[in-house]
Amino acid sequence: MGRKILAVVVALMVSFGIMLIVEMINTLVVMPPSAEIMEDSVRLRDFMANVPPLGYVIVLIGYFLASFAGGFIVTKMGRQVSQGITLPVIVGAILTVGMIGNIFMLPGQPMWFIIIALLMFIPVTLFGHRLAR
């Protein structure tokens, strides 16, 4: 049981790390909002609505890489104690819940981005699982 939990925690840490690195790279394309914008929900919604599509595509690439790495790592670390798809699905589900939180924290994101991101995590995590086996 401990190895399963450790595998999920490490996979999530790596996934979040990859997302953070891609977000830092994305600041070369889209400057992050200032503190004044972050405090005003109307200005934040306008800011997010005016982000160029390339900024969102870069974030989606980061989500893809993060969920793939999560599925790969959790499978490699947990394969001695879990042969099924349970652990990768748990990682993908937690990443999806994090995306739902992101939707509420940063309003104004385009609907195409939200739909792709929400539908991406579990299948890509399972793809990482498949290649790790």
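Residue numbering note: each chain is counted from 1, following its sequence as written. It should be noted that, the model being predicted, local features are given only for residues of pLDDT at least 70 and side-chain atom pairs only at 80 or more, the latter also being counted only at that level, while totals for whole chains, interfaces and linings use all residues. Hydrogens are left out, water is left out, and the side-chain values use all remaining heavy atoms of the structure.

Colleague: I would appreciate a short explanation of the packing of aromatic side chains in the present structure.
Modeller: Note on ring pairs: Phe, Tyr and Trp rings are taken, using the six-membered ring of Trp, and paired if centres are within 6.5 Å. Classes follow the plane angle, with under 30 degrees stacked, over 60 edge-to-face and the rest tilted. Across all of its chains, the model carries 7 aromatic pairs by this definition. Relative to phenylalanine 113, the ring of tyrosine 63 lies with its centre 6.1 Å away and its plane at 35°, an arrangement referred to as tilted. Placement of the pair is tyrosine 63 in helix H4 (residues 53-78) and phenylalanine 113 in helix H6 (residues 111-132), with a sequence separation of 50 residues. Across this residue pair, the class does not change: tyrosine 63 and phenylalanine 113 are buried. Between phenylalanine 68 and phenylalanine 72 the ring centres are 6.2 Å apart and the planes differ by 25°, which places this aromatic pair in the stacked class. Going along the chain from the N terminus, every DSSP run of H or I of four or more residues is numbered as a helix, and every run of E of two or more is numbered as a strand. To sort residues, take the accessible area from a 1.4 Å probe on protein chains only and compare it with the maximum for the residue type: under 20% means buried, over 50% means exposed, and anything in between is partly exposed.

Colleague: Just to check I follow, could you spell out the nonpolar core for this structure?
Modeller: Nonpolar side chains in soluble globular proteins generally cluster together in the buried interior. In this structure, Tyr63, Val74, Val91, Met99 and Phe113 are the most contacted members of the largest nonpolar core, which totals 28 residues. Looking at this core, the elements that each hand over two or more residues are helix H1 (2-26), helix H3 (41-49), H4, helix H5 (86-105) and H6. A per-element tally of this core places H4 first, with 7 residues. When checking whether two residues touch, look at their non-hydrogen atoms; a contact exists if any pair is within 4.5 Å. Discounting residues that sit within four places of it in the chain, tyrosine 63 has contacts with Met19, Met99, Asn102, Phe113, Ala117, Met120 and Phe121. Buried Ala, Val, Leu, Ile, Met, Phe, Trp, Tyr and Cys residues form a nonpolar core when they are joined through side-chain atoms within 4.5 Å.

Colleague: Could you clarify how one ought to interpret H5 in this entry?
Modeller: Three- or four-residue spacings in an α-helix give side chains the same orientation, since the helix completes a turn every 3.6 residues. Along its 20 residues, H5 runs 29 Å from first to last C-alpha, staying within 8% of the 28 Å computed at 1.5 Å per residue. Regarding H5, the residues found buried are Leu87, Pro88, Val91, Gly92, Leu95, Thr96, Met99, Asn102 and Ile103. Elements in contact with the buried residues of H5: H1, H4 and H6. Helices are assigned an expected span. That span is 1.5 Å times one less than the residue count.

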